[in-house]
Amino acid sequence: MAVNRMFRTCPASGLVFHEPAEKLMRWNAVAAVVSLLIGGLLAIGVVLTRWQAVHLLPPDMFYQFLTAHGINMLIFWIIFFEIAVLYFAGSTLLKARLATPRMAWAAFWLMIVGALVNNYSVFRGDSSVMFTSYAPMGAHPTFYLGLILFAVGALIACFVFFGTLVVARAERTYRHSVPLVTFGAITAAIIAVFTIAAGAIILIPTFLWSMGWVAYIDSLMYKTVWWAFGHSSQQINVAAHVSVWYAIAAIVFGAKPMSEKVSRTAFLLYILFLQLASAHHLLTDPGLTSNWKIFNTSYAMYLAVLASMVHGLTVPGAIEVAQRKKGYTQGLFEWLRKAPWGNPVFSAMFISLIGFGFLGGISGVMMGTEQLNLIIHNTIYVPGHFHATVVVGTTLAFMGLTYFLIPVLFRRELAFPTLAKYQPYVFGLGMSAVSLFLMGAGTLGVPRRHWDIGFAGIPFPHEFPGAAWLMMALAGITGLIAIVGGGMYLLITVWSVFLGKRIATPGFQHVRARDGVAAPAPVHAPAGQPVGVAITGHGSAGMIAPGTFVLAMVFLVSFVLYYFINWKYLATVWPLK
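Remember, predicted model here, so these are calculated numbers, not experimental data.

## Re the overall build of the protein
1) Next: In terms of regular secondary structure, the protein is built from 18 helices and three strands.
2) Next: Here the C-alpha atoms of the protein give a radius of gyration of 23 Å, agreeing with the 25 Å that 2.2 N^0.38 yields for 577 residues.
3) Next: Taken along the three principal axes of its C-alpha coordinates, the protein extends 75 × 60 × 45 Å.
4) Next: The 577 residues of the protein split such that 58% are buried.
5) Next: In the protein, of all internal contacts separated by at least 6 residues, the share reaching a separation of at least 24 is 83%.
6) Next: Side chains of the protein give 33 positive and 16 negative charges; the mean places of these two sets differ by 11 Å.

In structure tokens form, the structure reads like this:
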């Protein structure tokens, strides 16, 4: 006897939501926003301390704030949101019922408990080991236990996502291959399984060590295995936010990929090579062979970079093709000038794409070069780089998707629409400036982890150039601007979800499980945006995006110049005689 399932068809977008999946998406998204709020509040203390003229917090509180900020932002906020994206890509885009909702709820509560336990450990005052938590620097056992519980919950959620794909295939809820956005989510989930496995390999014995049950943790072994977890977790982000780029291009413009085969191949390259980027954290370690370092920072890395460059070309290229079909054909850039820059869904995505490519991408390739890594390793250049990738790239893309999901998923009108119009610019441009100034200060040698660049009280003081002090001050000012932008997002999101005007939608439709999904409702997409069709469509176009090609050439020239400048800088600080 078939069991009834409940589905809802969104009248504005045509998307079909399975009730258990819809609830889980909401709860994971809410948990993500709460984590972002905690991390954002802690960021105020971090920013005002690294700004040397203010220097707000004493060292013990600074490292406590920095630890909690890093983990809440880089792990809890990002992964909670990514789980919501997985359920959206697996259930909603495939019009399928979510596999094993009870297991999905168990995963969610494991993640919640893990996040609470880890935060408790940090705020109790004896686990200020920062995001990396390098052994033999030890934390309270609950620090590691919280991360392990969270990781197990995330792993279960990934398997629920894979199970949903099996259900969709068995019940034939889609034709041919899965949509490109779902394919990107599959990429993120596969990388997540590898990442969580690496985390278990190192965090479980470290937990046992913190309990006194294991006598010794080799520091080099810890660092090598940990970065297979720590950096690969950011590669989940890359696959996820690139998928969001494709989704938003379809949502706003009805754009189809220029070539789905090429885009899918680029995602496949992520699975095979992207995690190897973690090598750039290990290039100064003596225990790893030169052969390993050279392979990971040259041949293997080039293939991962190629994948990102493909996405960086095809996403704006697809937008340009869609815009030109609508008549915006004057010159190279009318399609871009006439884009809906007042729509926060689009503006957040496009600033994310540009910031990730020009700031995060170019600096990441530079850091991944063995010789150049020596001049910026463990300087504040590294936080500058990952604020460009994880914050400007991933977080801003997720913010743009949120503005689409509030009316579609939460069925609420977007509060403060004028504020939402400007929020991506305040946050995105502010954080881009933070990244630039931190990378500039790091190039001048400002350390990554030391709370006081004045080195007060030491017998042999070191003086940084005046430009380094100026850049750290500018990073502090622009950091506060970015925090204001993050606060705008939180205000808009929380007010909309909990206090916003409810949007009337048709009730859930009861459908037999073996039938898979509800009967599709007529689509009334705003501004001619056929969301349900565009996301799942297949497109193929030649090089009919000249404006995008010019932008790609600008990127290439910027990359070559910056690469040359850093080699020149290396030659001045380490002359060969």
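From this point, the discussion proceeds with the structure in view.
## Topic: the pattern of salt bridges
1) Next: As enumerated under the stated definition, the model contains ten salt bridges in all.
2) Next: As a salt-bridge pair, E22 and R26 come within 3.3 Å of each other at their nearest N and O atoms. Here E22 pairs with R26, and both are found in helix α1 (residues 19–50), just four residues apart, close to one helical turn.
3) Next: Judged by its relative accessible area of 1%, E22 is buried.
4) Next: Across the pair E320 and R324 runs a salt bridge whose closest N-O atoms are separated by 2.8 Å. Placement of both E320 and R324 in helix α10 (residues 299–325) is noted, with a separation of four residues, approximately one turn of the helix. Here the two residues E320 and R324 agree in accessibility, since each one is buried.
5) Next: Each member of the salt-bridge network shares a partner with another, and the members are R8, E22, R26 and R411.

## A short note on the side chain of E82
1) Next: Considering the arrangement of structural elements, one finds E82 in helix α2 (residues 59–92).
2) Next: Notably, E82 is buried but unbridged: the nearest opposite-charge side chain belongs to R448, and the N-O separation is 18 Å.
3) Next: Apart from residues no more than four positions distant in its own chain, E82 is found in contact with I236, N237, A240 and F398.

## Concerning the environment of A420
1) Next: Tracing the sequence through the fold places A420 in helix α15 (residues 417–443).
2) Next: Here A420 falls in the buried class, since its relative accessible area comes to 0%.
3) Next: Leaving out residues up to four positions away in the same chain, A420 has contacts with P344, Y403, L414 and I492.

## Some points on helix α3 (residues 101–123)
1) Next: Between its first and last C-alpha atoms α3 spans 33 Å; for 23 residues at 1.5 Å apiece the expected length is 33 Å, and the two agree.
2) Next: Buried within α3 we find P101, A104, A107, F108, M111, I112, G114, A115, N118, N119, S121 and V122.
3) Next: Looking at the packing, one finds that the buried side of α3 touches α1, α2 and α4 (141–170).
4) Next: Within two residues after α3, G125 carries a phi angle of roughly 105 degrees, on the positive side.

Rules and cut-offs
Residues numbered from 1 in each chain as written. Predicted model: local features only at pLDDT ≥ 70, side-chain atom pairs only at ≥ 80, totals over all residues. Heavy atoms only, no water. Helix = DSSP H or I, 4+ residues; strand = E, 2+ residues; numbered from the N terminus. Rg over C-alpha atoms; globule rule 2.2 N^0.38 Å. Buried < 20%, exposed > 50% of the residue type's maximum accessible area, 1.4 Å probe, protein only. Contact = heavy atoms within 4.5 Å. Lys, Arg positive; Asp, Glu negative; His and termini not counted. Charge placed at Lys NZ, Arg CZ, Asp CG, Glu CD. Salt bridge = Lys/Arg side-chain N within 4 Å of Asp/Glu carboxyl O. Expected span 1.5 Å × (residues − 1).

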